[in-house]
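Below, each chain spelled out in residue letters.
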Amino acid sequence: GWVPRSVDALLPHISEVLASSSKPDIKRLFAKEESNSKATVGEKFCTQLEVLAETLEQGETLFVRCIKSNPQMVPGLLNRPLVLEQLLHGGVISALEQRHRGLPERIDYDHFCQ
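Enquirer: Before we go on, may I ask you to explain the confidence of the model for the protein in this structure?
Expert: For any part of a model where pLDDT is low, the fine detail of the predicted coordinates should not be relied upon. Mean pLDDT over the protein works out to 78, with 78% of the residues at or above the 70 mark. Taken element by element, the protein is modelled with least confidence in helix H6 (residues 109–113), mean pLDDT 78, and with most confidence in helix H4 (residues 80–89), mean pLDDT 91.

Enquirer: Is there a simple way to explain the layout of surface pockets in this structure?
Expert: A probe matching the size of a water molecule, rolled over the atoms, marks out where space remains unfilled. Approximately 310 Å³ is the volume attributed to the second largest pocket. If you trace the second largest pocket, you find 13 residues lining it, with Arg28, Leu29, Lys44, Thr47 and Gln48 closest to the centre. Elements represented by at least two residues in the lining of the second largest pocket include exactly helix H2 (24–29) and helix H3 (41–58). In terms of residue count, H3 provides more of the lining of the second largest pocket than any other element does, 7 residues in total. Classifying every residue of the lining of the second largest pocket by side-chain character gives 5 nonpolar, 3 polar and 5 charged.

Enquirer: Teacher, can you tell me more about unusual backbone geometry here?
Expert: Outside of glycine, negative phi angles account for most residues, and trans bonds account for most peptide bonds. You will see that Met73, though not glycine, has its phi angle at about 55 degrees, which is positive. Residue Met73 is classed as exposed on the basis of its relative accessible area of 65%.

Enquirer: Mind showing me how you'd approach the pattern of salt bridges here?
Expert: Pairs can form between side chains of opposite charge once their charged atoms are near each other. Counted according to the given criterion, the structure contains 1 salt bridge. Across the pair Asp25 and Arg28 runs a salt bridge whose closest N-O atoms are separated by 3.6 Å. In this pair, Asp25 and Arg28 both sit in helix H2, 3 residues apart, roughly one turn of the helix. Taken individually, Asp25 and Arg28 each receive the classification exposed, so the pair is uniform in this respect.

Enquirer: Is there a simple way to think about the side chain of Ser21 in this case?
Expert: Along the chain, Ser21 turns up in the loop between helix H1 (12–19) and H2. Ignoring anything within four residues of it in the chain, the contact list for Ser21 reads Ile26 and Lys27.

Enquirer: Looking at this model, I keep getting lost on the side chain of Asn70. Mind explaining?
Expert: With respect to the element layout, Asn70 can be found in the loop between H3 and H4. Given a relative accessible area of 2%, Asn70 falls into the buried group. Looking at Asn70, its side chain comes within polar contact range of the main-chain nitrogen of Met73, at 2.5 Å. One polar contact links the side chain of Asn70 to the main-chain carbonyl oxygen of Leu77, over a distance of 2.7 Å.

Definitions and limits used
Residues numbered from 1 in each chain as written. Predicted model: local features only at pLDDT ≥ 70, side-chain atom pairs only at ≥ 80, totals over all residues. Heavy atoms only, no water. pLDDT = per-residue confidence, 0-100. Helix = DSSP H or I, 4+ residues; strand = E, 2+ residues; numbered from the N terminus. 1 Å grid on protein atoms, 1.4 Å probe; cavity = no way out; pocket = protein on both sides within 12 Å on 5 of 7 lines; lining within 4 Å. Points joined across faces, edges and corners; volume = space filled by probe spheres on them. Nonpolar A, V, L, I, M, F, W, Y, C, P; charged D, E, K, R; others polar. Buried < 20%, exposed > 50% of the residue type's maximum accessible area, 1.4 Å probe, protein only. Salt bridge = Lys/Arg side-chain N within 4 Å of Asp/Glu carboxyl O. Contact = heavy atoms within 4.5 Å. Polar contact = N/O pair within 3.5 Å; in protein donor to acceptor, adjacent residues only side chain to side chain.

Right under this line is the structure:
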């Protein structure tokens with residue numbers, strides 16, 4: 001069945017397991033929150049998305065690519081030909097080659113017009 005929107009918070013034991021993860025990023029995402037906080041999973045996701053957007057905006061280069069590691073979406077399984085195909089067709093390899101040759105990542109518009 002469907003989970004009602006107001007009750008979609010993680011169960012306490014699941015939050016505790018994720019907060020004690022050996023992976024620093026997982027641990028940070030599920031760190032202990034104030035006991036008064038009853039944010040839903042959706043609200044937490046929106047907050048995390050806003051933090052990510054702010055972090056990306058602070059950087060000089062915005063270069064984010066989502067790569068599927070395998071068509072079955074199974075964790076820990078890597079289909080190397082699929083990943084390489086996505087990197088090639090997504091322009092990532094070309095961008096890395098240009099950076100390796102020392103080409104600038106961006107040119108100011110005024111400089112371009114000269």
